[in-house]
Amino acid sequence: MCGCEPVGGCDTGCENEVTCGCETIGCLGDCGCDSGCDSGCDSLCGGGLGSCLPGMGDCCLDDPYTLFGDVCGIEVGGWASIGYHTKALPLFNSRPDNVQLQQAWLYAEKAIDTSCGFDIGGRIDYVYGTDGPDTQAFGIDNGHWDNDWDNGGDYGHAIPQLYTEMGYGDLSVKVGKFFTTIGFEVVAAPDNFFYSHAYTMYNSEPFTHTGALATYDVSDDLSVFGGYTVGWDSGFEDNGDSYLGGFSAGLTDDLTLTYATTVGRFNERQGVAGGAERGYMHSIVADYAVSDNLQYIIQSDVLDSEDAAGATVRDTFGINQYLIYNINDCLSLGGRFEWYQNEGVFDDGNNTGSDVYALTTGINYRPHANVLIRPEVRWDWVDGDTTGILENDDDDQTTFGFDTIFTF
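The structure presented is a predicted model; accordingly, all values stated were derived computationally and were not measured. (Residues numbered from 1 in each chain as written. Predicted model: local features only at pLDDT ≥ 70, side-chain atom pairs only at ≥ 80, totals over all residues. Heavy atoms only, no water.)

Okay, unusual backbone geometry next. A positive phi angle, near 50 degrees, is found at D233, a position not held by glycine. Within the secondary structure, D233 is located in the loop between β12 (222-229) and β13 (241-250). Positive phi values are uncommon outside glycine, yet D393 reaches one of about 55 degrees. Summarising the element assignment, D393 is placed in the loop between β20 (371-384) and β21 (396-407). On the basis of relative accessibility, which here comes to 37%, the residue D393 falls in the partly exposed class. (Helix = DSSP H or I, 4+ residues; strand = E, 2+ residues; numbered from the N terminus. Buried < 20%, exposed > 50% of the residue type's maximum accessible area, 1.4 Å probe, protein only.)

In structure tokens:
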């Protein structure tokens with residue numbers, strides 16, 4: 001019972017007096033007592049037995065264990081994400097009814113510290129699992145870099161990041177292959193609330209860039225960034241010419257606004273009629289702390305691209321909304337609603353476009369500092385051409401899924 005032990009009677013007449021990992025003594029069912037316990041356990045008064053269940057009262061998590069830790073100023077770590085979902089989605093989760101290793105991830109990073117002047121660092125990431133092929137340099141499908149590191153059964157390897165970072169004062173520059181600054185959701189599983197991904201993230205945003213990106217902290221509340229990249233989701237070779245830039249501004253203590261854009265030639269799209277894809281896309285993310293426990297995020301993405309002949313390749317618009325309530329460090333509740341309007345994305349770019357809606361509800365539960373469990377229920381429905389979107393080209397479906405992430 002969470003370390004709570006009966007210690008006998010008390011003056012109030014309660015026959016089930018307990019301690020909860022501290023010196024303060026309370027009584028089950030006696031709501032007149034006040035714990036004042038410093039150990040992190042809730043007082044049983046007002047919470048009953050539920051307050052001693054993990055995640056139901058105050059959360060008592062120790063520091064997470066690390067397998068490698070800091071080695072000569074270089075942090076080495078990673079995680080393993082094992083998941084299951086009942087229906088296929090045209091996203092990362094495209095392998096239904098299978099318990100699968102989605103991400104076995106390793107990274108090594110030397111973060112820069114410019115408080116004393118110039119510093120240099122960098123990072124490398126490696127991933128294996130069913131998310132591997134979705135993280136490869138697929139933007140230029142020529143088998144180079146990690147594009148053909150497949151292992152059968154939808155498994156594969158990838159090196160999504162390999163960059164050097166230099167900085168001096170408030171200015172830093174990344175050179176190499178790095179994750180995009182666009183959008184709210186990311187590839188790395190521990191950095192997302194939900195197990196599944198939004199259509200907008202998967203179909204209308206780049207995952208990685210290869211090039212150079214400079215970031216300048218104008219003030220404590222404003223950072224601007226800009227640079228040059230060789231297209232979307234490519235390895236170390238010419239796959240386009242595009243500008244990547246934007247800013248992140250703390251408008252108030254509770255509201256942060258991030259604008260990111262890329263414009264230019266995105267990829268060669270080998271084998272696709274018309275050749276290279278070029279155009280413009282942006283993402284606007286507003287993150288608002290409604291209260292100490294409640295967070296609201298709204299994101300709007302626009303993508304408009306054409307081929308070399310001027311024909312539309314992708315014309316999409318998406319709005320994603322997230323509501324996340326943190327009960328404590330162990331337990332959080334969340335919801336996501338997405339409206340995704342697309343043309344040229346599904347059915348090899350031949351469909352006439354459709355409106356896709358997705359409502360997801362889920363829980364984040366940490367029974368241990370190194371373990372995160374993410375169950376969710378997701379409802380998807382399509383208005384318009386349904387080809388190539390949901391399983392069996394249905395116009396709606398319900399999906400249950402969850403994964404467990406072990407960090408080290």
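So much for the structure itself; the text now carries on.
Turning to the state of the cysteines, a few remarks are in order. The tally for this structure, following the rule as stated, stands at 1 disulfide. Covalent S-S linkage joins C59 and C330, the inter-sulfur distance amounting to 1.9 Å. In this structure, the disulfide formed by C59 and C330 twists by about 60 degrees around the S-S bond and is classed as right-handed. On the criterion of sequence distance, the pair formed by C59 in the loop between β3 (25-27) and β4 (69-71) and C330 in the loop between β17 (312-326) and β18 (331-342) is long-range, its members being 271 residues apart. (Disulfide = S-S within 2.5 Å.)

Take the confidence of the model for the protein next. Should pLDDT be low for a region, the predicted coordinates there are not to be read in detail. Of all residues in the protein, 83% attain a pLDDT of 70 or more, and the chain-wide mean is 85. Mean pLDDT across the elements of the protein ranges from a minimum in β3, with 40, to a maximum in β12, with 98. Here residues 1-53 is modelled with pLDDT under 50, and outside its nearest four sequence neighbours on either side it reaches 80 contacts, counting other chains as well. (pLDDT = per-residue confidence, 0-100. Contact = heavy atoms within 4.5 Å.)

Time to look at a nonpolar patch on the surface. Where nonpolar side chains cluster on the molecular surface, the patch consists of L171, Y216, V218 and V224 and spans about 310 Å² of accessible area. Position of V218 among the secondary structure elements: in strand β11 (residues 208-219). We classify V218 as partly exposed; its relative accessible area is 43%. (Patch = residues over 30% accessible without salt bridge, like charges linked within 9 Å, V, L, I, M, F, W, Y side chains within 5 Å. Areas by Shrake-Rupley, 256 points an atom, 1.4 Å probe, with all protein chains shown as cover. Salt bridge = Lys/Arg side-chain N within 4 Å of Asp/Glu carboxyl O.)

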